[in-house]
Amino acid sequence: DQQVKQNSPSLSVQEGRISILNCDYTNSMFDYFLWYKKYPAEGPTFLISISSIKDKNEDGRFTVFLNKSAKHLSLHIVPSQPGDSAVYFCAASASGNQFYFGTGTSLTVIP
Amino acid sequence: GAGVSQTPSNKVTEKGKYVELRCDPISGHTALYWYRQSLGQGPEFLIYFQGTGAADDSGLPNDRFFAVRPEGSVSTLKIQRTERGDSAVYLCASSSGTGSGSPLHFGNGTRLTVT
């Protein structure tokens, strides 16, 4: 049973515009959420995280929003750049135990 | 400081053989995780260590899979009697501790192909 879901396998965005990647989860015990970026033949790279006590965390062009009542989080990238083209995974954990990952969204930023 | 190092980067083996995959975590990181990723899927949890002990091995698919971390640093994932279904990228990650606020830092993985 997939506890973390990314329902959009792919997304294309024009350079300079906003990219919004979405993630849903089912386990209400999750208290820590992360986004990872993955290039081919490399391991996932940590991007940004958010604790369940917050509803927003911002780091430069990247902002993560958490809606606990909807069990939904999103990653906003603005402005999008061609180098942002990669597969993005969201992940979640409950009290720092095993991390559950979504199936990923492939983002293409068109120059 | 170096990141997480995994060796070999690629491993091709015949069905039924034994393989060992090595992970060298970031220095000082107490928690170490093994994940497996198949094509088109997200990383799937296998096992994690806190220090030398396996804190959670619930993700190991069966008793052909075993992992050790004898000195609380380097870890080895061992797969006996390999099957074609074991073919995947095996990812290792480490973190400075468990609990919120400790993201995982991944290596580049070992691509295992069982022929």
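Before any of the text, the structure's been laid out above.
Below is a short write-up of the structure. Just so you know, these numbers come straight off a predicted model, no measurement behind them. (Residues numbered from 1 in each chain as written. Chains lettered and ligands numbered in written order. Predicted model: local features only at pLDDT ≥ 70, side-chain atom pairs only at ≥ 80, totals over all residues. Heavy atoms only, no water.)

**Quick look at the overall build of chain A**
Scanning chain A for helices and strands turns up zero helices and 11 strands. For a compact globule of 111 residues, the expected C-alpha radius of gyration is about 13 Å, and chain A comes in at 13 Å, within 12% of that figure. Across its three principal axes, chain A shows a C-alpha extent of roughly 40 × 30 × 20 Å. Counting every position in chain A, which comprises 111 residues, the buried fraction comes to 46%. Long-range pairs, those at least 24 residues apart, make up 54% of the contacts in chain A between residues at least 6 apart in sequence. (Helix = DSSP H or I, 4+ residues; strand = E, 2+ residues; numbered from the N terminus. Rg over C-alpha atoms; globule rule 2.2 N^0.38 Å. Buried < 20%, exposed > 50% of the residue type's maximum accessible area, 1.4 Å probe, protein only. Contact = heavy atoms within 4.5 Å.)

**Re the state of the cysteines**
Joining two cysteines, a disulfide is a covalent bond between their sulfur atoms. Within the structure shown, the criterion is met by two disulfides over all chains. The disulfide bridge from A:Cys23 ends at A:Cys90, spanning 1.9 Å between sulfur atoms. Taking the torsion about the S-S bond as the criterion, the A:Cys23 to A:Cys90 disulfide, at about 65 degrees, is right-handed. Of this pair, A:Cys23 sits in strand E3 (residues 19–25) while A:Cys90 is found in strand E9 (residues 86–93), placing the two residues 67 residues apart along the sequence. The class of A:Cys23 is buried, set by a relative accessible area of 1%. Here B:Cys23 connects covalently by a disulfide to B:Cys92, the sulfurs 1.9 Å from one another. Judged by the sign of its S-S torsion, about -70 degrees, the cystine formed by B:Cys23 and B:Cys92 is left-handed. Here B:Cys92 lies in strand E9 (residues 88–95) and B:Cys23 lies in strand E3 (residues 19–24), a separation of 69 residues in the sequence. There is no split in this pair, since B:Cys23 and B:Cys92 are both buried. (Disulfide = S-S within 2.5 Å.)

Note that every value here comes from positions in space, so none of it alone points to a role or purpose.
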